[in-house]
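Structural characterization, general
Letter by letter, the chains look like this.
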Amino acid sequence: MSIRVGIVGISGFGGGEALRLIAAHPAFELVYAAGEGSAGSRLVDRFPGVPHRLAGLVIEKWDPAALPDLDLLFASLPTGTSAEALARVPETVKIVDIGGDHRHVEGWVYGLADIWPDRIRGSRRVANPGCFPVATLNTLAPLLAAGLIEPGNIVIDAKTGISGAGRGGGDSRFGYAETNENLQPYGLLQHVHMPEMETTIEQLGGGSAAGLVFTPHLVPMTRGLLVTIYCRGSASTAQCLDAAREFYADRPFVRVTDRPPQTKWASGSNLSFMSYAADPDRNLVIAMGVVDNLGKGAAGHAVQNANLISGLPETAGLEGAPVWP
Ligand SMILES: NC(=O)C1=CN([C@@H]2O[C@H](COP(=O)(O)OP(=O)(O)OC[C@H]3O[C@@H](n4cnc5c(N)ncnc54)[C@H](OP(=O)(O)O)[C@@H]3O)[C@@H](O)[C@H]2O)C=CC1
Ligand SMILES: CC(=O)N[C@@H](CCC(=O)OP(=O)(O)O)C(=O)O
């Protein structure tokens, strides 16, 4: 069975990772690529290592009124730029939006695939969660569901690789000279992912998440994202690990580990790692989560969601082991 897919934003980091995964996918056939500045180039001009069969595909100028016959579209556009255009994509074309414009928006399912695959399966419009939210929510969901932590008292300290900023990058903060051997916090008190995390923590934990604190840091690595989350709760480490293992029993992309997870464990994969360290005497639970920001944080999760809405095995095209070292 061949499912005809397109990627808009293919020249970007998220779109490029979607290309890599779709090129090796057993059921998806890439028939359409689109962008803005890259329009007119062949895929091989942008990605010299692309498989021969895709080399000559020309990147089109993005225009939802001029789509070929498509079953599914992956959108990987800068947040804030996709809502109007994606609203004009015919209903017959399913969409997975990797960007942030449709999260918790009516008509779109919030695609937290490891947690609620059944909510996603029948949908035609899926909003991929953000990279920090998926790492955080996957890690906290078992504790919230079991009532092991207080939803209103959560502090997230996050680290991300530079590719999290995209190749568009905005300003010069993301150049080699500025990022190599440097660490910087950003987005303090008002990062764009705060509302998405608050809303979902409340859905998962049944209480207000008003006390949420979230500080991301940019670290000098290409890929990878680690969240270290400080919570209030009287559970033991063993109780947290057991709750996560039970919550994620049989989920293919989740790994609950006794050791604190490391970013390299997930590199190039759709995996989500988590572990916990708790001290009941101090009412303290430390939850740790790792994803590849371009994998589970973006394109890997998008392919998982696309598999779900296409009636395919959830793992299709995503079964390879991570890159090591
Ligand atoms: N990078 C990451 O780790 C993650 C990214 N995301 C989200 O995914 C989305 C894409 O991010 P990322 O790939 O990193 O960003 P990039 O800056 O790397 O890529 C952006 C892409 O959008 C295209 N684009 C920009 N403006 C237009 C336009 N007006 N019409 C058509 N295409 C346009 C660019 O195409 P061209 O070159 O042709 O102009 C480029 O392909 C964002 O919403 C981001 O927040 C989500 C999770 C993680
Ligand atoms: C390093 C870096 O800048 N990372 C980005 C990742 C967010 C992202 O990609 O977010 P959306 O999908 O919600 O647009 C940031 O913190 O804004």
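Just so we're clear, the structure is a prediction, and the values are computed from it rather than from any experiment.

Any pair of aromatic rings gets described here by the distance separating the centres and the angle formed by the planes. Under the criterion given, the structure shown has five aromatic pairs. Here Phe28 and Phe74 contribute two aromatic rings whose centre-to-centre distance is 6.2 Å and whose plane-to-plane angle is 65 degrees, an arrangement assigned as edge-to-face. In this pair, Phe28 is assigned in strand 2 (residues 28-35) and Phe74 in strand 4 (residues 72-75), connecting sequence segments 46 residues apart. Across the pair, Phe74 and Phe28 agree in class, each one buried. With a centroid separation of 4.9 Å and 80 degrees between ring planes, the pair formed by Phe247 and Tyr248 is classed as edge-to-face. Sitting over the face of the ring of Trp116, Arg119 holds its NZ or CZ atom 3.7 Å from the ring centroid.

Around ligand 1, a shell composed of 28 residues is seen, among which Ser11, Gly14, Ser38, Leu77 and Arg167 lie nearest. Within the backbone of Leu77, an N or O atom sits 2.7 Å from an oxygen atom of ligand 1. Contact with the protein chains hides 83% of the accessible area of ligand 1, taken as 890 Å² for the molecule alone. If you map ligand 1 onto the pockets, it falls in the largest pocket. For the shell around ligand 1, the elements supplying multiple residues, two or more each, are helix 1 (13-23) and helix 10 (295-309). Across the shell around ligand 1, the residue classes tally to nine nonpolar, 17 polar and two charged. Residues from two domains meet in the shell around ligand 1; each of domain 1 (3-129 + 297-309) and domain 2 (131-293) gives at least three.

In this section: the side chain of Ser163. Relative to the helices and strands, Ser163 resides in the loop between strand 8 (154-160) and helix 7 (176-179). Look past the residues within four positions of Ser163 in its chain and what remains in contact with it is Phe13, Thr222, Arg223, Asn293 and Leu294.

Once that is clear, we can look at the domain arrangement of the protein. Taken domain by domain, the protein comprises domain 1 (3-129 + 297-309) and domain 2 (131-293). The straight-line distance from the C-alpha centre of domain 1 to that of domain 2 is 25 Å. Tallying the contact residues gives 22 residues for domain 1 and 27 residues for domain 2. Together domain 1 and domain 2 conceal approximately 1,900 Å² of surface at their shared face, both sides included; 52% is due to carbon and sulfur atoms. A salt bridge links Arg223 to Glu17; its shortest N-O distance comes to 2.8 Å.

Further remarks concern the UniProt feature "active site" (unreviewed entry) in the protein. In this numbering, the UniProt entry assigns the feature "active site" (unreviewed entry) to Cys131. Checked against the element boundaries, Cys131 lands in helix 6 (residues 131-145). Each residue touching Cys131, except ones within four places of it in the same chain, is listed here: His193, Leu225, Val291, Asn293 and Gly297.

This paragraph deals with the site of ligand 2. The local shell around ligand 2 consists of Thr79, Arg103, Cys131, Phe132, Thr160, Gly164, Ala165, Tyr186, His191, His193 and Leu218. Here Tyr186 contributes a side-chain N or O atom positioned 2.6 Å from an oxygen atom of ligand 2. Its free accessible area being 430 Å², ligand 2 has 79% of it covered by the protein chains. When atoms are counted within 2 Å of each cavity's grid points, the one that captures over half of ligand 2 is the largest pocket. The residue inventory of the shell around ligand 2, partitioned by class, reads five nonpolar, five polar and one charged.

Another aspect to go through is the pattern of salt bridges. Enumeration over the complete set of coordinates arrives at 15 salt bridges. Across the pair Asp258 and Arg245 runs a salt bridge whose closest N-O atoms are separated by 3.2 Å. Within this pair, whereas Asp258 is found in the loop between strand 12 (254-256) and strand 13 (272-279), its partner Arg245 is found in helix 9 (residues 237-247), the two being separated by 13 residues in sequence. In this structure, a network of salt bridges that share partners links the residues Glu17, Arg20, Arg223 and Asp292.

So, on to the sheet that holds strand 8. What the seven strands build is an open sheet, ordered 9-10-8-11-14-13-12; its pairing is mixed. Every other strand in the sheet has two partners, leaving strand 9 (184-185) and strand 12 as the edge strands with one partner each. Sitting on the sheet, helix 6 touches strand 8, strand 10 (213-218), strand 11 (225-232), strand 13 and strand 14 (284-291), and the angle it makes with strand 11 is about 40 degrees.

Looking now at unusual backbone geometry. Cis geometry marks the peptide bond from Trp324 to Pro325; its omega dihedral reads 0 degrees. Looking at the element boundaries, Pro325 is found in the segment after helix 10. At His104, a residue that is not glycine, the phi angle is positive and equals roughly 60 degrees. On the basis of relative accessible area, His104 is assigned to the partly exposed category, the value being 32%. You will see that Asn283, though not glycine, has its phi angle at about 55 degrees, which is positive.

Thresholds applied
- Residues numbered from 1 in each chain as written.
- Chains lettered and ligands numbered in written order.
- Predicted model: local features only at pLDDT ≥ 70, side-chain atom pairs only at ≥ 80, totals over all residues.
- Heavy atoms only, no water.
- Phe/Tyr/Trp six-rings, centres within 6.5 Å; stacked < 30°, edge-to-face > 60°.
- Helix = DSSP H or I, 4+ residues; strand = E, 2+ residues; numbered from the N terminus.
- Buried < 20%, exposed > 50% of the residue type's maximum accessible area, 1.4 Å probe, protein only.
- Lys NZ or Arg CZ within 6 Å of the ring centre and 35° of its normal.
- Near = heavy atom within 4 Å.
- Polar contact = N/O pair within 3.5 Å; in protein donor to acceptor, adjacent residues only side chain to side chain.
- Areas by Shrake-Rupley, 256 points an atom, 1.4 Å probe, with all protein chains shown as cover.
- 1 Å grid on protein atoms, 1.4 Å probe; cavity = no way out; pocket = protein on both sides within 12 Å on 5 of 7 lines; lining within 4 Å.
- Sits in = over half its atoms within 2 Å of the grid points.
- Nonpolar A, V, L, I, M, F, W, Y, C, P; charged D, E, K, R; others polar.
- Domains from an automatic or database assignment.
- Contact = heavy atoms within 4.5 Å.
- Buried area = accessible area lost by both parts, 1.4 Å probe.
- Salt bridge = Lys/Arg side-chain N within 4 Å of Asp/Glu carboxyl O.
- UniProt positions renumbered as here; feature names shortened; annotations may be inferred.
- Pairing = 2+ DSSP bridges.
- Axes fitted to C-alpha atoms, helices over the stretch in contact; angles between N-to-C directions.

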